[in-house]
Amino acid sequence: MKINVVKNVLEANDALAAENREKLDAAGVWCVNITSAPGSGKTSLLEKTIPALAAKGLASAVIVGDLQTTRDAERLGNLAAQVTQINTEGGCHLTASQVAAALAGLDLKGLEYLFIENVGNMVCPAGFDLGEHARVAMLSTPEGDDKAAKYNTLFLPADAIVLNKIELIEALGYDKSRLYDDLKKINTAAPVFELSCRTGEGLETWLAWLGAKRTR
Ligand SMILES: Nc1nc2c(ncn2[C@@H]2O[C@H](COP(=O)(O)OP(=O)(O)O)[C@@H](O)[C@H]2O)c(=O)[nH]1
Ligand SMILES: [Mg+2]
């Protein structure tokens with residue numbers, strides 16, 4: 001008799017994440033999981049990204065994770081084709097099973113992109129595959145230029161890194177060379193997008209990356 005043993009929580013999560021990815025692949029939906037500290041600008045980035053994609057005829061859905069409230073879903077409700085809010089009620093990251101439940105409630109037909117805004121946290125989301133095709137780790141200048149080094153597990157598996165609030169760089173004395181020096185030791189494959197959701201600077205390059213990756 002063959003006995004299957006699920007070794008740990010992460011293994012069970014990974015199996016469900018693979019199912020999520022298969023479902024998204026079958027529907028032709030490309031999924032991006034955005035992680036950062038609270039306040040880096042994840043929702044702001046989606047507020048800019050989703051209408052820009054819609055203007056190119058590309059429809060997006062969002063799954064947004066927070067401990068409580070539907071505030072981010074309300075911010076994105078009029079912009080995205082579909083929005084689902086997951087309240088983790090204390091959980092510090094989303095899991096593949098929560099995303100599977102959210103996917104069951106989404107109509108994937110006609111969607112090109114699914115964005116997952118993970119719970120604001122630089123530690124817990126790192127180990128949990130949700131079934132995404134790309135993982136985006138976000139930083140913002142007010143957090144300080146040492147955060148990639150301190151929270152390296154978030155940046156190790158990232159397919160892209162976003163540095164937001166770039167228009168504040170001088171006022172804050174943010175030293176970009178410290179970030180890039182740290183990233184040389186953590187992740188040299190991921191492109192870094194310096195942008196500002198406030199001024200719009202740098203958003204075109206980010207949008208071009210989203211378009212090119214999805215097509216591939
Ligand atoms: N100055 C500045 N503020 C920003 C920028 N992007 C977002 N914010 C502000 O940062 C705060 C947190 O943004 P939010 O999108 O809610 O972050 P989230 O918690 O990561 O989803 C809000 O007050 C935003 O208006 C930016 O590029 N520049
Ligand atoms: Mg948010």
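Shown above is the structure to which this text applies.
For the structure given in this document, a descriptive report is provided here.

Rules used throughout
Counting restarts for each chain, with residues numbered from 1 along the sequence as it is written. To read the labels, note that chains go from A and ligands from 1, taken in the order they are written. Selection of residues for local features in this predicted model requires a pLDDT of at least 70, selection of side-chain atom pairs for listing and counting requires 80 or more, and totals for whole chains, interfaces and linings are taken over all residues. Hydrogens and water are ignored here; the side-chain numbers use all heavy atoms of the structure. Secondary structure elements follow DSSP: runs of H or I no shorter than four residues count as helices, runs of E no shorter than two count as strands, and numbering proceeds from the N terminus. Note on exposure labels: buried denotes an accessible area under 20% of the residue type's maximum, exposed denotes more than 50%, and partly exposed covers the range between, all computed with a 1.4 Å probe on protein chains only. Pairs of residues are marked as contacts when any of their non-hydrogen atoms sit within 4.5 Å. Within this scheme the basic residues Lys and Arg register as positive and the acidic residues Asp and Glu register as negative, but His and the chain ends are omitted. Here the site of a charge means NZ on Lys, CZ on Arg, CG on Asp, or CD on Glu. Strands pair, by our definition, only if DSSP identifies at least two bridges between them. Summary of the distance rule: residues count as near a molecule or strand when at least one heavy atom falls within 4 Å of that molecule or strand. As used in this structure description, the phrase polar contact means that two N or O atoms lie within 3.5 Å; if the pair is within protein, one of them must be able to donate a hydrogen and the other to accept it, and residues adjacent in sequence are counted only when both atoms belong to side chains. Residue burial considers only the protein chains on display, and all accessible areas are found by Shrake-Rupley using a 1.4 Å probe. Under the grouping applied here, Gly and all other residues not named as nonpolar or charged are polar, the nonpolar ones being Ala, Val, Leu, Ile, Met, Phe, Trp, Tyr, Cys and Pro and the charged ones Asp, Glu, Lys and Arg. Side-chain atoms within 4.5 Å are what join buried Ala, Val, Leu, Ile, Met, Phe, Trp, Tyr and Cys residues into a set we call a nonpolar core. All axes are obtained by fitting lines to C-alpha atoms, using only the stretch in contact for helices, and the reported angles, taken between N-to-C directions, cover 0 to 180 degrees.

## Concerning the overall build of the chain
- Counting secondary structure elements, the chain contains nine helices and seven strands.
- Overall size of the chain, expressed as C-alpha extent along the three principal axes, is 60 × 40 × 35 Å.
- Put simply, the chain has 216 residues, and 47% of those count as buried.
- Looking at the chain alone, contacts between residues at least 24 apart form 72% of all its contacts between residues at least 6 apart.
- Here the chain contributes 22 positively and 27 negatively charged side chains, and the mean placements of these two sets differ by 2 Å.

## Observations regarding the pairing of strand β5 (residues 134–140)
- Of all the seven residues making up β5, seven are buried; the element is thus mostly covered by neighbouring parts of the structure.
- Two strands pair when backbone bridges link them, and strand β1 (residues 30–35) and β5 are joined in this way by four bridges, in the parallel orientation. When the bridges of β5 are listed, Val-32 appears paired with Ala-134.
- Note that β5 and strand β6 (residues 160–164) share five bridges and pair parallel. Looking across to β6, one finds that Ala-137 is bridged to Ile-161.

## Quick word on the site of ligand 1
- Near ligand 1 lie 17 residues; those nearest to it are Gly-39, Lys-42, Ser-44, Arg-75 and Glu-167.
- In this structure, Arg-75 approaches ligand 1 through a side-chain N or O atom, which is 2.8 Å from an oxygen atom.
- Ser-196 is positioned such that a nitrogen or oxygen atom in its side chain is 3.3 Å from an oxygen atom of ligand 1.
- Protein contacts shield 75% of the accessible area of ligand 1, which totals 580 Å² for the unbound molecule.
- At three residues, the largest contribution of residues to the shell around ligand 1 is made by helix α2 (residues 42–55).
- For the shell around ligand 1, the per-class residue count stands at three nonpolar, eight polar and six charged.

## With respect to the nonpolar core
- Residues Leu-45, Phe-115, Trp-206, Trp-209 and Leu-210 are the most contacted members of the largest nonpolar core, which totals 27 residues.
- Secondary structure elements with two or more residues in this core: β1, α2, β2 (60–66), α3 (71–77), β4 (113–117), β5, β6 and α9 (203–215).
- Leave out the neighbours within four places in its chain, and Leu-45 touches Ile-34, Met-138, Val-162, Leu-195, Cys-197, Leu-203 and Trp-206.
- If you look at the next biggest cluster of nonpolar residues, it comprises 18 residues, including Met-122, Ala-126, Ala-148 and Ile-169.

## Points about the environment of Ala-104
- With respect to the secondary-structure elements, Ala-104 resides in helix α4 (residues 96–104).
- In the structure, Ala-104 is positioned 84 residues away from Asn-20 in sequence and 9.9 Å away in space, judged by C-alpha atoms.

## Examining the sheet that holds β4
- Read across the open sheet, the seven strands follow the order β3-β2-β4-β1-β5-β6-β7; overall the sheet is parallel. Edge positions in the sheet fall to β3 (82–87) and β7 (192–194), since each of these pairs with one other strand and no more. Between one strand axis and the next, the sheet turns by 20° as a mean value, whatever way the strands run.
- Inspection of the sheet shows β1 paired to β4 by five bridges, in the parallel sense. Paired with Trp-30 across the two strands is Tyr-113, which belongs to β4.

## Observations concerning the side chain of Asn-13
- With respect to the secondary-structure elements, Asn-13 resides in helix α1 (residues 9–27).
- There is a polar contact of 2.8 Å between the side chain of Asn-13 and the backbone nitrogen of Ala-96.
- Residues contacting Asn-13, with those up to four places away along its chain left out, are Thr-95, Ala-96, Phe-128 and Asp-129.

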